[in-house]
Amino acid sequence: MTRHPVGFDPLSPFTALLPLMVLTALMATPQVPVLVLAVGTLLLLVADPRRGALAALTVLAVACVIGASLALSAPIERVGASETVLALGSLELQRNQLLAGVRLGCKLGSIMSLCVLTGLLSRPEDLLRALTTHLRVPYRVAYAGVAAISFRQRLAAEYRVVKEAHALRGTRAPLPVLRPLVRAWTAVPALTAGAVRHAERVAASMDARGFGAYRERTERHRPRWRRRDTVLVLTGWALAAWLALPFADGGLVLHDI
């Protein structure tokens, strides 16, 4: 099991950021989601400059698309003072439409950024193994997830090989634009055969190792909960409480998204 350079237990980043995710989802005002989204995207860049930059751009793009879609579809207030805050040609957005779009887009974007951040700080396989060690989750459940993740990685590697073979041999397509689609479609039989072979190998290895015969499973490296993990969790919980206190009177709701 590989460790992240910061040396945290795989479960501690998720445990530390979970209250922030819940708090952001329950907020009725857009201030906290906007702040969490800004900090989350910066932490993505700090955690992994290469993958974090792509993840941050993806999260921001999804947040903008969802926020703009909701703002355009929100009802227009025709009774009382309806203030138009944004006008682009014939398109006008009122204050309630803009707030609704910003609130939902930043909520989803902030939660996505925190979830991706936990994935950058610890691999999914390590997180599943930590669940069996610390929370006593049955290893049959956790290692089913590990097998699924390895299955996806195996298919991705085989698909890269198929694309390289297609690039060397050429692809029959009437238009160059259609070549990626033709390559993906013609790779389906090879990927299906590879998936069947990989499933047979996994099943044979599970039977050979007595998977499910015992209540526990030995590990080469067991995740250890250290003092730094406790400090990280307490810091995340304290930050969530500090953000929730100013909005405790009217900023938390259970029905509004």
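Let me begin by describing the structure that accompanies this report. Here the residue index of a chain counts from 1 through its sequence in written order. It should be noted that, the model being predicted, local features are given only for residues of pLDDT at least 70 and side-chain atom pairs only at 80 or more, the latter also being counted only at that level, while totals for whole chains, interfaces and linings use all residues. For side-chain calculations, the full set of non-hydrogen atoms in the structure is used, while hydrogens and water are omitted.

Re the state of the cysteines
Disulfide assignment relies on a single distance test, namely cysteine sulfur atoms paired within 2.5 Å. For the coordinates displayed, the defined rule picks out 0 disulfides. Looking at the unpaired C106, the closest cysteine sulfur is the one in C64, lying at 8.2 Å.

Concerning the pattern of salt bridges
What makes a salt bridge here is a side-chain nitrogen of Lys or Arg within 4 Å of a carboxyl oxygen of Asp or Glu, nothing more. Using the criterion set out here, one finds 3 salt bridges in the structure. D48 serves as the salt-bridge partner of R51, at 2.9 Å between the closest nitrogen and oxygen. Assessed through its relative accessible area of 43%, R51 is described here as partly exposed. A salt bridge links E158 to R154, with the shortest nitrogen-to-oxygen separation between them at 3.4 Å. Here R154 and E158 lie together in helix α6 (residues 139–169), a separation of 4 residues that amounts to about one turn. Looking at R154, the relative accessible area reads 38%, which means it is partly exposed. The rule is simple: take the accessible area with a 1.4 Å probe, protein chains only, and divide by the maximum for that residue type; under 20% is buried, over 50% is exposed, in between is partly exposed. Helix and strand assignments follow DSSP, with helices taken as H or I runs no shorter than four residues and strands as E runs no shorter than two, numbered in order from the N terminus.

Quick word on helix α8 (residues 227–244)
In an α-helix, one turn spans 3.6 residues, which is why side chains three or four residues apart end up on the same side. Helix length check: α8, at 18 residues, gives a terminal C-alpha distance of 26 Å against a target of 26 Å (1.5 Å per residue), a fit within 8%. By the burial criterion, the buried members of α8 are D229, V233, G236, A240, L243 and A244. Around the axis of α8, the buried residues are gathered within 110° of arc, so they sit on the same side. Facing away from the buried surface of α8 by more than 90 degrees, the exposed residues are R227, L234 and W242. The elements touched by buried residues of α8 are α1 (11–26) and α2 (31–47). Multiplying one less than the number of residues by 1.5 Å gives the expected span of a helix. Read the arc as the range of directions from the helix axis to the C-beta atoms. Contacts between residues were defined by any pair of non-hydrogen atoms, one from each residue, lying within 4.5 Å.

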